[in-house]
Amino acid sequence: MAIVFIRTLILYLLVLIGVRLMGKRQVSELQTSELVTTILLSNISIMPIQETSIPLFYGIVPLLSLICFEVILSFVCLKSSKTRHLISGRPKAVINNGVINQKLLLDLRLSVDDLMAQLRQQQIFDIRDVELAMLEINGTLSVYQKFNSRNITTQMLNIKDTKENNNEPQFIIISDGTIIEDNLNLCNKNKNWLDLILKSENQSLKNILLMTSDSKDNYVLIPKEIKNS
Amino acid sequence: MRRFVISIIILSLIIISAFSLPIYFKKTTLELTQKIDEININIKNNNKQEAISKTYEFSKFWHDKKNIITVFVNNDEIDHITYSISRLVPLLKYNNISEFSSNLSYIKILIISIYIDDIPSLSNIF
């Protein structure tokens, strides 16, 4: 059992270093340590399932160990920025003041095609529109556009926030005939209000596909096309 | 914080049990090999009845320990030992002493290998 534990620890560190060395392009969405855990967990859990002569403990011990390593490491990363940067890296400015950092692109092994593809995914088709582009630790690109290319905001147009023009977010109140009580509370409504709405719309709860609402009685109600009997 | 504490507890339990398991294996291996040596002495002294009785005792002792060892050791090795032990009494009853002795030595090696294979040494890890 000690061997399994030590092997798990060694493999975990090895895959962690390996993925860290592979760089951000490989990671995409998942954090480095999370990706390592995911890869190892999926493989380790198969081992005792396929080979019945292997005791279940040979699967349980590494699985538990990996999960514990991940939790402990994420806790340490949360508390220590040095560890966080060591494990997950730092965001890198691939475009700064509208200039591509070509040396960094080379270091990150990110081709211009990859960079342009990531920009296009953010609806930016002209690289001259980019003021700053940061490659985040999870491999995604965050872009800050030049002033002339930015979308117009209410702040730019100097439109003030009033009750008339401020649309509140809509929360899902009923999903497939089920009331989502947390969301009902979020928009300051209760079941009595919901009953009144359903009564006024001549609908029963189980026949509602979707109902959304904000706190100002603005609601959308979509009944099911095939009604439950 | 709660998850962190739980993880620390689980890891501590794993580490403690991982490093205490070889101690248990050492103790069990020692007991089993002692019983094998006792059988061997009786065989050498031509005390067949006592050897049969000690072999039964050894077999029973192995079956008691087997259930615990199975949880931590590759089941193929355990099955191998169990099969070899089941042959001991018939071999002795039919006076096949040479086969009995070689079988007993083989069992001894297998039992010791369970303990040796579980020691966290460099050769075992790599």
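The structure presented is a predicted model; accordingly, all values stated were derived computationally and were not measured.

A.B. asks: I tried to follow the layout of surface pockets on my own but got confused; where do I start?
C.D. replies: The gaps of empty space that remain are located by a probe, the size of a water molecule, rolled over the atoms. Approximately 470 Å³ is the volume found for the largest pocket. Considering the residues around the largest pocket, the lining is formed by 17 residues, among which A:Ile3, A:Val4, A:Arg7, A:Met47 and A:Tyr58 are closest to the centre. Among the elements of the structure, helix 1 (2-22), helix 3 (32-50) and helix 4 (57-79) of chain A together with helix 4 (97-118) of chain B are those that each provide at least two residues to the lining of the largest pocket. Broken down by element, the residue count for the lining of the largest pocket peaks at five residues, all from helix 1 of chain A. Taken together, the residues that form the lining of the largest pocket break down as 10 nonpolar, three polar and four charged.

A.B. asks: In this structure, what is going on with the interface of chain B and chain A? I would like to understand it.
C.D. replies: Note: interface size is frequently given as the accessible area lost on complex formation between the parts. Taken together, the contacts link 27 residues of chain B with 20 residues of chain A. Seen at the junction of chain B and chain A, the total is zero salt bridges. Applying the counting rule to chain B against chain A returns one residue pair in polar contact (both at pLDDT 80 or more). Contributions of two or more residues to the side of chain B that touches chain A are made by helix 1 (2-44), helix 2 (48-72), helix 3 (75-93), helix 4 and helix 5 (122-125) of chain B. If you tally residues by element for the side of chain B that touches chain A, the top one is helix 1 of chain B, at 12 residues. A per-class count over the side of chain B that touches chain A returns 17 nonpolar, six polar and four charged.

A.B. asks: Where do I start with the sheet that holds strand 8 (residues 219-223) of chain A in this structure?
C.D. replies: All names here are of chain A. Taken in spatial order, the four strands of this open sheet run 6-5-7-8, and their pairing is antiparallel. The two strands at the open ends of the sheet, each matched to only one other strand, are strand 6 (178-179) and strand 8. In terms of strand pairing, strand 7 (residues 208-213) meets strand 8 through five bridges, oriented antiparallel. Opposite Met211, over in strand 8, you have Leu221 as the bridge partner.

A.B. asks: Would you take a moment to explain the side chain of A:Asp214 for this structure?
C.D. replies: Residues and elements named next belong to chain A. For Asp214, the position within the fold is in the loop between strand 7 and strand 8. Here Asp214 occupies a buried position and makes no salt bridge, while the nearest side chain of opposite charge, Lys216, is found at 5.8 Å. A distance of 2.9 Å separates the side chain of Asp214 from the backbone nitrogen of Lys216, its partner in a polar contact. Here Asn218 takes part through its backbone nitrogen, which lies 3.0 Å from a polar atom of the side chain of Asp214. Other than its neighbours up to four places away in sequence, Asp214 contacts Glu168, Pro169, Gln170, Cys187 and Lys189.

A.B. asks: Just checking my understanding: could you explain the sheet that holds strand 1 (residues 92-96) of chain A for this structure?
C.D. replies: Residue and element names in this part refer to chain A. With antiparallel pairing, four strands are arranged side by side in an open sheet as 2-1-3-4. Every other strand in the sheet has two partners, leaving strand 2 (99-100) and strand 4 (141-145) as the edge strands with one partner each. In the sheet, strand 3 (residues 130-135) pairs with strand 4 via five bridges, with the strands oriented antiparallel. Residue pairing for strand 4: Val130 is matched across the bridge by Gln145. This element, helix 7 (residues 112-120), spans strand 1, strand 2, strand 3 and strand 4 of the sheet and lies at about 70° to strand 4.

Parameters at a glance
- Residues numbered from 1 in each chain as written.
- Chains lettered and ligands numbered in written order.
- Predicted model: local features only at pLDDT ≥ 70, side-chain atom pairs only at ≥ 80, totals over all residues.
- Heavy atoms only, no water.
- 1 Å grid on protein atoms, 1.4 Å probe; cavity = no way out; pocket = protein on both sides within 12 Å on 5 of 7 lines; lining within 4 Å.
- Points joined across faces, edges and corners; volume = space filled by probe spheres on them.
- Helix = DSSP H or I, 4+ residues; strand = E, 2+ residues; numbered from the N terminus.
- Nonpolar A, V, L, I, M, F, W, Y, C, P; charged D, E, K, R; others polar.
- Contact = heavy atoms within 4.5 Å.
- Salt bridge = Lys/Arg side-chain N within 4 Å of Asp/Glu carboxyl O.
- Polar contact = N/O pair within 3.5 Å; in protein donor to acceptor, adjacent residues only side chain to side chain.
- Pairing = 2+ DSSP bridges.
- Buried < 20%, exposed > 50% of the residue type's maximum accessible area, 1.4 Å probe, protein only.
- Lys, Arg positive; Asp, Glu negative; His and termini not counted.
- Axes fitted to C-alpha atoms, helices over the stretch in contact; angles between N-to-C directions.

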